[in-house]
Amino acid sequence: MIEIEDFSITFGSGKNQIRAVRNFKLSVAEGESYGLVGESGSGKSTVLRAMVGINSHWDGTIRVAGEALTHKRSVESRKHMQMVFQDPYGSLHPRRTLDDTLSEPLVIHGLENREERILKILKEVGLGPEFRFRYPHQLSGGQRQRVAIARALILEPRVILLDEPTSALDVSVQAEILNLLSALRKAHGLTYIMVSHDLAVVGHLCSRIAVMNRGEIVEEITEDQMRSGEVTHAYTKQLWTASQGYDRAALETFQEFA
Amino acid sequence: MTMNKMKLTGFETSSPGDAPLISVRDLHVRFATPKGQVHAVRGVGFDLGKERLGIVGESGSGKSQTGRALLRLTAGNGSIEASRMMFDGKDLMQASAKTMRSIRGSRISMIMQDPKYSLNPVLTVGKQIAESCRRHENVSRAEARRRALAMLETVRIREPEKVYSLYPHQVSGGMGQRIMIAMMLITNPQVMIADEPTSALDVTVQMQVLSLLDDMVRERGMGLVLISHDLNLVSSFCDRVLVMYGGRIMESLDAKNLDQAQHPYTRGLLNCLPRLDGKHDDLPVLRRDPAWLTEGDEVREGGAT
Amino acid sequence: MSDGTLGTKTGSASWLLADSPNNAFQARCQRLYIGWLSFRSNPIAMFGLAIVLFLCLVALFAPIVAGGDGTTQNLANRLAPPSAEHWFGTDELGRDIFARIVWGSRVTLYIIFLVSIIVMPIGLLIGTTAGLLGGAVDSTLMRITDIFLAFPRLILALAFVAVLGPGLENAVLAIALTTWSPYARLARAETLTLRNSEYIMAAQILGASKIRILIAHIMPMCLSSTVVRLTLDMAGIILTAAGLGFLGLGAQPPLAEWGAMIASGRDFLLDQWWVPTIPGIAILVVSLGFNLLGDGLRDVLDPRSSGAK
């Protein structure tokens, strides 16, 4: 479904050139859920932003459903890939009701039966019709994230990119959103690429996980490896240990990976 | 006091021989808002010894307000009430504003989540640490500088001389938090209140920052209150955990026994965490019981006497 | 007046405060109503609103309130002091000052209206376009703005009027052309902070065009600060208009304009104080009204102060 090869992202030029992502490649099958894990500055979010075309400083090839993506996207091509952001407070326009937010993609893409589609999608993400004309400030963080998911889903895309979709939420709400995401994936055969710093969250949702450090993939692991901790690269090992909780003895072995 | 009461209210330090550093009973924090009164903390009580005490809860559970109330740092529209709030033999409820100022920072310190907002952007970090030292102790400039450098080394900053002359925007999040800790520790406080000190940091950096706090508790006999939303972190780091919900303490238990938590809220929180060793099935969703907000009122009153 | 609106509001309060509105219209009304509730709790802002509403009513019913057209001369009764017949006295041509003040309110409102509908769209459009597109477009638009910003307002207005010829419309045009630049800067600054927000990115990913993002997403966010700034600037605009009138470059006689009234009455300041003073007070009160209204609106509308609530 998604193939990325010879991929790199470079900001600036000359002396100030920063290679944010290097030698990046991945391949995700249809209906698969793929995870990108790394610490801040690893370039994991930058990859997502390049994929959806917010960031055009990339080189290489990105193929979605066999079709190569260009730096400039057509309106039509937007339909296939959507994104859910980290901050449920920042990703909804504060002056627009949910109805405005959800009908906008339909207007842009000239889709009919708007009311029907909006009510259907609200129901799917677990919000009743009574939410339709509310403003974002009348919703809780979890409800906002449901709206953000509904907005991504209303164009019926085949790929959804998730950028830390639960890291701003309480654990009980996180569980609800994770359940919703896996139910939606099953129902629509969606392909996910999920970015997170939290190994447990990625491990819960994804079957394969790429561990990134300083703009490069250091290792790709399966969910079984994730559970057992049988990873080969030292950086992955360290990340895995740190995710287990505070451990004074293990801390002494930690090192910097450049 | 029966075993049961102690469990519920948390009036038990890990080192029962010593007098507690901080002792709080029946703490209430209320806020007047345009929409009416908000009762953020409802009758919280605990004792803090020379230990690592964790307060966990979700947003709105009152955990941060509990921490702030200890320093009487509640926002202007809030009011604090407690039948007892003792620190080192002093009643914090009766203390004058001047006494509170002398306690804040020098004897009880506080670390916030984001060092970016807590550091002065126009002063070098070294100056700020030295300033904090001079404010609380009458030492010369040179001595303050020497101590600040030593403290930077203590918090494991590799080139203290170089970092001393950096401005806050020039340091990374992890280093910023270490600098904050250095600034708070230089006055040698007896109690440290850390409100989500590591939740903006990467996991490995998080561990390093926590180990610093750990050292302070072990080596200097400091009392630490760690406020966090992260059950995993608190249970692996702290000695004792208070679980808060709706402004109340639901349960108080030894951190190593968190797995055997009795209260349905604690159990629910634990269950809805995705686990590294878990399966792909749906996570159990937390069902909240309104009775949690009223239960145990009689027991709490009994325990406070 | 406020009692009447209050009475009808309580009847429909449940509709206006319902948790889940049934349609877009109700949602928008609720938003306005909640803004109004917070505005209403600010007595000084309400005082400003009362002054502005009073000005509008006076202007609307000028023929009835004035009891004359304000241009009828009566040289036998010139420079008469305030009396029961002439509340504010008469001017050097024996015209009733009260009637002229009342008719003058129409001119003032006309100026305010024209300046607003010119300044807001120009400022918003230039500022948001520059902010959103960036690069060469940004530099060009902002340098043009800087040129307008560099001149003192009244001098530039004088130059425009000198070219276009004296008259009320030309004075308004001159004021508008010298007023829009700070609005463009304000809108640009706000656009720059909005441009990188996640909801703008989300709109981009959905395929929204630049024009759609500009009009549907960015402009509504910049609008409130522009409105607030305009109400706060209104005093300055009225004073500039009065200044142009005073210099004989604004409204032409016999049209009653407050600035021109002060100009023609200034010879009589010592002996017949009411002739220039009364229009001066009118300008003061209206300027104050707009300023207080603007302060109150800022508290309600400003996205920073209203925050997440």
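Residues numbered from 1 in each chain as written. Chains lettered and ligands numbered in written order. Predicted model: local features only at pLDDT ≥ 70, side-chain atom pairs only at ≥ 80, totals over all residues. Heavy atoms only, no water.

Enquirer: Looking at this structure, how should I read the sheet that holds strand 5 (residues 67-68) of chain A?
Expert: The strands that make up a sheet pair up through hydrogen bonds in the backbone, lying either parallel or antiparallel. All names here are of chain A. Strand order in the open sheet formed by 4 strands is 2-1-4-5, with antiparallel pairing between adjacent strands. Strand pairing shows two members of the sheet lacking a second neighbour, strand 2 (18-28) and strand 5, which therefore form its edges. Relative to strand 4 (residues 58-64), strand 1 (residues 2-11) runs antiparallel, the two being bridged by 6 bridges. Each residue of the ladder has a partner; that of isoleucine 4, found in strand 4, is isoleucine 62. Packed on one face of the sheet, helix 1 (residues 44-51) meets strand 1, strand 2 and strand 4 and runs near 110° to strand 1. (Pairing = 2+ DSSP bridges. Helix = DSSP H or I, 4+ residues; strand = E, 2+ residues; numbered from the N terminus. Contact = heavy atoms within 4.5 Å. Axes fitted to C-alpha atoms, helices over the stretch in contact; angles between N-to-C directions.)

Enquirer: Sorry, what's going on with the state of the cysteines here?
Expert: Think of a disulfide as a covalent bridge from one cysteine sulfur atom to another cysteine sulfur atom. If you walk through the whole model with that rule in mind, you get 0 disulfides over all chains. Unpaired in this structure, cysteine 206 of chain A has its nearest cysteine sulfur neighbour in cysteine 272 of chain B, at a distance of 19 Å. Taking the relative accessible area as the measure of exposure, cysteine 206 of chain A reaches 0% and is therefore buried. (Disulfide = S-S within 2.5 Å. Buried < 20%, exposed > 50% of the residue type's maximum accessible area, 1.4 Å probe, protein only.)

Enquirer: Looking at this structure, how should I read the pattern of salt bridges?
Expert: Between side chains of opposite charge, a pair can form when the charged atoms approach closely. Inspection of every chain in the model, using the stated rule, returns 36 salt bridges over all chains. Residue glutamate 30 of chain A pairs with arginine 158 of chain A through a salt bridge whose shortest N-O separation is 3.3 Å. Note that glutamate 30 of chain A is positioned in the loop between strand 2 and strand 3 (33-38) and arginine 158 of chain A in the loop between helix 5 (141-153) and strand 7 (159-163), a separation of 128 residues in sequence. Among the salt bridges present, the one from arginine 143 of chain C reaches aspartate 146 of chain C, with a minimum N-O distance of 3.0 Å. Here arginine 143 of chain C pairs with aspartate 146 of chain C, and both are found in helix 7 (residues 135-150), just 3 residues apart, close to one helical turn. Because the salt bridges share partners, they merge into one network encompassing Arg248 of chain A together with Arg52, Asp214, Asp215, Arg218 and Asp239 of chain B. (Salt bridge = Lys/Arg side-chain N within 4 Å of Asp/Glu carboxyl O.)

Enquirer: Explain the sheet that holds strand 8 (residues 191-195) of chain B to me, please; I cannot follow it from the model alone.
Expert: Residues and elements named next belong to chain B. Pairing is mixed in the open sheet, where 6 strands are placed in the order 7-8-9-3-10-11. The open sheet terminates on both sides in strands that have one partner only, identified here as strand 7 (108-111) and strand 11 (248-254). Recorded for the sheet is a direction-independent mean angle of 15° between the axes of neighbouring strands. Two elements, strand 8 and strand 9 (residues 223-228), share 5 bridges in a ladder whose sense is parallel. Paired with valine 191 across the strands is glycine 223, a residue of strand 9. In the packing of helix 2 (residues 63-70) onto the sheet, contacts are made with strand 3 (52-56), strand 7, strand 8, strand 9 and strand 10 (240-245), and the angle to strand 9 comes to roughly 150°.

Enquirer: What is the right way to read helix 6 (residues 141-154) of chain B from this model?
Expert: Note on helix geometry: an α-helix contains 3.6 residues per turn, so any two residues three or four positions apart are oriented the same way. Residues and elements named next belong to chain B. If you check helix 6, its first and last C-alpha atoms are 20 Å apart, about what 14 residues at 1.5 Å a residue would give, namely 20 Å. Listed as buried for helix 6 are Ala144, Ala148, Leu149, Met151 and Leu152. Buried residues of helix 6 fall within an arc of 160° about the axis and therefore sit on the same side. Opposite the packed face of helix 6, turned more than 90 degrees from it, sit the exposed residues Ala142, Arg146 and Glu153. (Expected span 1.5 Å × (residues − 1). Arc of directions from axis to C-beta.)

Enquirer: I tried to follow the interface of chain B and chain A on my own but got confused; where do I start?
Expert: Interfaces are often sized by the accessible area lost when the parts come together. The interface of chain B with chain A comprises 32 residues on the first partner and 33 residues on the second. Both sides of the chain B and chain A interface together cover about 3000 Å² of buried area, and 56% of this is carbon and sulfur. Counting the contacts that link chain B with chain A gives 2 salt bridges. Here aspartate 214 of chain B ties to arginine 248 of chain A by a salt bridge, and the two come within 3.3 Å at their closest N and O atoms. Along the contact surface separating chain B from chain A lie 10 residue pairs in polar contact (both at pLDDT 80 or more). Secondary-structure elements contributing two or more residues to the side of chain B that touches chain A are helix 9 (203-220) and helix 10 (231-237) of chain B. (Buried area = accessible area lost by both parts, 1.4 Å probe. Polar contact = N/O pair within 3.5 Å; in protein donor to acceptor, adjacent residues only side chain to side chain.)

Enquirer: Where do I start with the side chain of aspartate 195 of chain B in this structure?
Expert: Residues and elements named next belong to chain B. Positionally, aspartate 195 belongs in strand 8. No salt bridge is formed by the buried aspartate 195; its nearest oppositely charged neighbour, arginine 68, is found at 4.8 Å. Excluding anything up to four places from it in sequence, aspartate 195 contacts Ser64, Met110, Ile111, Met112, Gln113 and Ile227. (Lys, Arg positive; Asp, Glu negative; His and termini not counted.)

Enquirer: Sorry if this is basic, but what is going on with the packing of helix 3 (residues 24-40) of chain C against helix 4 (residues 43-60) of chain C here?
Expert: All names here are of chain C. Relative to each other, helix 3 and helix 4 sit at 105°, their axes nearing to 7 Å. Considering their axes alone, helix 3 and helix 4 lie roughly perpendicular with respect to each other. Where helix 3 approaches helix 4, its residues Trp36, Phe39 and Arg40 are matched on the opposing element by Ala45, Met46 and Leu49. Residue classes in the contact of helix 3 with helix 4 are distributed as 5 nonpolar, no polar and 1 charged. (Parallel < 35°, antiparallel > 145°, perpendicular 65-115°, else oblique. Nonpolar A, V, L, I, M, F, W, Y, C, P; charged D, E, K, R; others polar.)

Enquirer: What am I meant to see in the interface of chain A and chain C here?
Expert: Chain A puts 33 residues into the contact, and the matching count from chain C is 29 residues. By the criterion of area lost to chain C, the three top residues of chain A are His93, Arg95 and Phe133 of chain A, representing 25% of everything that side buries. The interface formed by chain A and chain C holds 2 salt bridges in total. Glutamate 104 of chain A is the salt-bridge partner of arginine 212 of chain C, the closest N and O atoms lying 3.3 Å from each other. Where chain A meets chain C, there are 8 residue pairs in polar contact (both at pLDDT 80 or more). Secondary-structure elements contributing two or more residues to the side of chain A that touches chain C are helix 2 (75-78), strand 6 (81-84) and helix 3 (98-108) of chain A. Among the elements that make up the side of chain A that touches chain C, the one with the highest residue count is helix 3 of chain A (5 residues). Residues that form the side of chain A that touches chain C fall into these classes: 14 nonpolar, 9 polar and 10 charged.

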